Every structure is written in structure tokens, then in C-alpha cells.
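Residue-level structure breakdown
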Amino acid sequence: ASDRRKRNPKKAMRSSTVVLCFLALASAALASVTVIRNDLTDEQIESMANPECSSIFMVQLEPKHTIQGNDIGMLQPQGINVTVINLQTSPGREYWRDWSGLGNSLGGDYTKEPFANDLQRQALAKAKFSVTALTEATATPIGFQSSTLRERSAVCVYVRGLGRRWVEIMAETTNKNQQICVKDWKPEDTSMGRANLASNPFEEACALGNLYACRGSGNGHTGTTDYQFEDKLNLKFYCKDSCEDLIEGFRFRIAGAQKMPILSADGVHYMQPDSENWCLARKSDDFPSSLLSAYPANYNPPVVFSSLNLGASTTVVSVLVLLLSILALLW
């Protein structure tokens, strides 16, 4: 009997492997971002490929991470409720027919994610008048990825899955007075990006605290078909001015347009139409800080002005002071 109670090490190892595989699959279901390089110092990257990048991410835009129902995103939009789109009935089926293998629906209620069922974490976040999407280090608030700005280097991002779509680029710094910029990035390996950015240039966008840009991807046709486009947009986030000794936390998000697909010239393939007007339909202020309420429910604003009733004696003293001032001027 005692032998039967002994733990089988091979069985335990198999159980652990199953658990690890499950966790890995769960993590992969939440994210389409691969970290290639993460917050290295100038000394560490000076002898590496792409030495201007302290961090490098590979972003794959997908429908499962839609934020507003008319986009493809890069991470689960935690902290918000994304309206569920039924892909089995109109108009959802037609709206997403240029994608395959999506299942029955898109979207969901991610308001309490991550750790929606962890009462302790939820209570701690509530005590800070916040949400777990902001208080948990691994969270992805409204689909944003965390990273770090440094004085002399950039955060570089390969963006895949866009094709001809227009792209929305957002970033928010921890310090609201910190400048942040974004522009196209040309990696050393030209197979990973457009060889000549000057053939389709884009001006850089800069802002303090909150950065928003919505623009074309710059991806051109490949071959002779009208439905095949290159997929080589690369971006870099960086500080341009007032960057001395900078080590600043920030978050970024990249989303691609999703509109009603149209048939290509061959009458078989579906493709995205021109998305220029898509930017006008976007909610452009959904930064992570928007998850915080302006004032908590039980917040009492400080008293700035108050009426003081100090009695008649105060009035007499004030009159005497006024008379003495007048006599001093006349004297």
C-alpha cells in the first residue's frame, strides 16, 4: 500500500508539462506581440544589429484583438467591454469575410481583466481608484504594450498584418510632460522593411504625454494582382527634444483598419477598400489613463474658498485700518 502512495516522478513530470503547455497556450491566446529585445542599455546594443533600438517588438495584428469593432489589434484590450460581434449572422459575417478561421464571434467583456476572478487583486485595484488593467505589471490596458523610452535609443516595432490598411498609432508616457515621437523605421535587414522609405515618406509625429497618429501604411502592391500588398511597415518610438538622462515608461498601441471587404478584379479574393475615412470614425482618446475616473465616487473636492464669519469686531478693525491708510496718503 505504501508503494502505491509513492509519487511517480514520470507522471508528475507529464502533469507539469501539461500545465506549462496550457499556460503557454493561454498566454498566446491573449497576445500577438513577440518581444525580440527588451529595454537594453546603450552599452548592450552598440555592437548588435539595429543598435538604435533598445527594444524591438514584432506585432501581428489580428481580428481577435479588435478594440472598437472596426479594427484589427495587437493585444487583448483589457479594462473595457468590447461589443461582441456575431460572425454567424449579418452584418458581422460579411464585414469580416476577408478573414478565415475566426470562430463564431469576436469581442467580449474585458472590464475586469486581467485576474477577473481574483477578488484580492480586484480589491487592491479598487482601493487605488484604479483597475487591474493598470495596476498589474503584465496587463495590456485597452490593448497597449508597455515599454521604456531611453535618451539615445528607440523602441522599434515590426508591424505585420496590415497590407493596404490604414494604421492608427497611439502612445502614452507616464510623465504627461514627456515628449514622444514616432516615425517609420528602416532596419538593417531590408528584407524586414521597405528598402527606400523616401519613395513613400511620412513625416514624424510628436506630442507631449499622449501621441495619436492615423495614416496610410505605405505598403504597396506586390506582383500584378490588385489584392496582394507588401507587409513591411516598421515604426520606432523615441524622444527628440529634452531627453537628457531619460528612462521613461510608456505604452503604445497599433491598430489596423477593418472595413467591409470588396471583391478583387478576379472575382474570387476579398480585400480591404481604401480606408482613408476610417480615421474619422475612430475614438482617438482611448489611452490607458482613460480607464481612471476623473473623481472617485466618494471623492470630496478640497475647499478652495470659504466664507468666514468673524463677527463685528473684525469689521471695526478693518474700517480703522482703511481710515489710517487714507490719512497716511493725505499726510
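Please read these numbers as outputs of a predicted model, since none were measured by experiment. (Residues numbered from 1 in each chain as written. Predicted model: local features only at pLDDT ≥ 70, side-chain atom pairs only at ≥ 80, totals over all residues. Heavy atoms only, no water.)

1. Some points on the pattern of salt bridges
All chains considered together, the criterion is met by 14 salt bridges. With a shortest N-O distance of 2.8 Å, Asp184 and Arg215 are connected by a salt bridge. Highlighted residues: Asp184 in strand S9 (residues 179–184) and Arg215 in strand S11 (residues 210–216), separated in sequence by 31 residues. Residue class for Asp184 comes out buried when judged on its relative accessible area of 9%. Overall, the relative accessible area of 12% leaves Arg215 in the buried class. The closest approach of N and O atoms between Lys240 and Glu204, which form a salt bridge, is 2.5 Å. Here the residue Lys240 occupies a position in the loop between strand S12 (233–238) and strand S13 (247–257), and Glu204 occupies one in the loop between S9 and strand S10 (205–208), the gap between them amounting to 36 residues. Looking at Lys240, the relative accessible area reads 47%, which means it is partly exposed. By sharing partners, the salt bridges in this structure join Asp71, Glu168, Arg253, Arg282 and Asp286 into a single network. (Salt bridge = Lys/Arg side-chain N within 4 Å of Asp/Glu carboxyl O. Helix = DSSP H or I, 4+ residues; strand = E, 2+ residues; numbered from the N terminus. Buried < 20%, exposed > 50% of the residue type's maximum accessible area, 1.4 Å probe, protein only.)

2. Structural notes on the confidence of the model for the chain
Per-residue confidence for the chain averages 83 on the pLDDT scale, and 76% of its residues sit at or above 70. Contacts of residues 9–29 to residues separated by more than four positions or lying in other chains number four contacts, the stretch itself having pLDDT below 50. (pLDDT = per-residue confidence, 0-100. Contact = heavy atoms within 4.5 Å.)

3. Things to note about the state of the cysteines
Scanning the entire structure with this criterion turns up four disulfides. The residue that forms a disulfide with Cys53 is Cys156, at a sulfur-sulfur distance of 2.0 Å. What sets the handedness of the Cys53 and Cys156 disulfide is the S-S torsion sign, and at about -85° it is left-handed. Here the residue Cys53 occupies a position in strand S2 (residues 53–60), and Cys156 occupies one in strand S7 (residues 154–160), the gap between them amounting to 103 residues. You'll find Cys53 and Cys156 in the same group, each marked buried. Between the sulfur atoms of Cys239 and its disulfide partner Cys243 the distance amounts to 2.0 Å. Its S-S torsion of approximately -85° makes the covalent link between Cys239 and Cys243 left-handed. The buried category is assigned to Cys239, whose relative accessible area is 9%. By sequence-ordered numbering of the bonded cysteines, the chain has its disulfides arranged as 1-2, 3-4, 5-8, 6-7. (Disulfide = S-S within 2.5 Å.)

4. Quick word on the sheet that holds S10
Within the open sheet, the six strands sit side by side as S1-S2-S7-S12-S9-S10. Their pairing is mixed. At either margin of the open sheet sits one strand with a lone partner, and together these are strand S1 (33–37) and S10. Between one strand axis and the next, the sheet turns by 20° as a mean value, whatever way the strands run. As paired elements, S9 and S12 share four bridges and run antiparallel to each other. Note on S12: the bridge partner recorded for Val182 is Phe237. (Pairing = 2+ DSSP bridges. Axes fitted to C-alpha atoms, helices over the stretch in contact; angles between N-to-C directions.)

5. A word on the environment of Leu102
Relative to the helices and strands, Leu102 resides in the loop between helix H4 (92–95) and strand S5 (105–109). In this structure Leu102 touches Pro63, Leu87 and Trp96, once residues within four positions along its chain are discounted.

6. Some details on the packing of aromatic side chains
Going through the model one piece at a time under the given rule, you end up with seven aromatic pairs. Judged by centre distance (6.4 Å) and plane angle (45°), the ring pair of Phe144 and Phe287 falls under tilted. Of this pair, Phe144 sits in the loop between helix H6 (132–135) and strand S6 (145–150) while Phe287 sits in the loop between strand S15 (270–271) and helix H7 (312–330), placing them 143 residues apart in sequence. When sorted by exposure, Phe144 lands in the same class as Phe287, which is buried. In textbook terms, an aromatic cluster arises when at least three aromatic residues are bridged by ring pairs, as seen for Phe57, Phe237, Phe250 and Phe252. The ring centre of Phe115 lies 3.9 Å from the NZ or CZ of Arg121, which sits over that ring. Its guanidinium or amino end placed over the ring of Tyr238, Lys236 lies 5.8 Å from that ring's centre, counting from NZ or CZ. (Phe/Tyr/Trp six-rings, centres within 6.5 Å; stacked < 30°, edge-to-face > 60°. Lys NZ or Arg CZ within 6 Å of the ring centre and 35° of its normal.)

7. Comments concerning the layout of surface pockets
Taken as a whole, the second largest pocket spans an internal volume of roughly 260 Å³. Residue classes in the lining of the second largest pocket are distributed as six nonpolar, four polar and five charged. (1 Å grid on protein atoms, 1.4 Å probe; cavity = no way out; pocket = protein on both sides within 12 Å on 5 of 7 lines; lining within 4 Å. Points joined across faces, edges and corners; volume = space filled by probe spheres on them. Nonpolar A, V, L, I, M, F, W, Y, C, P; charged D, E, K, R; others polar.)

8. Points about unusual backbone geometry
With an omega dihedral of 0°, the bond running from Ser90 to Pro91 counts as a cis peptide bond. Topologically, Pro91 is positioned in the loop between strand S4 (81–86) and H4. For Asp245, which is not glycine, the phi torsion reads 55° and is therefore positive. You can see Asp245 is positioned in the loop between S12 and S13. On the basis of relative accessibility, which here comes to 72%, the residue Asp245 falls in the exposed class.

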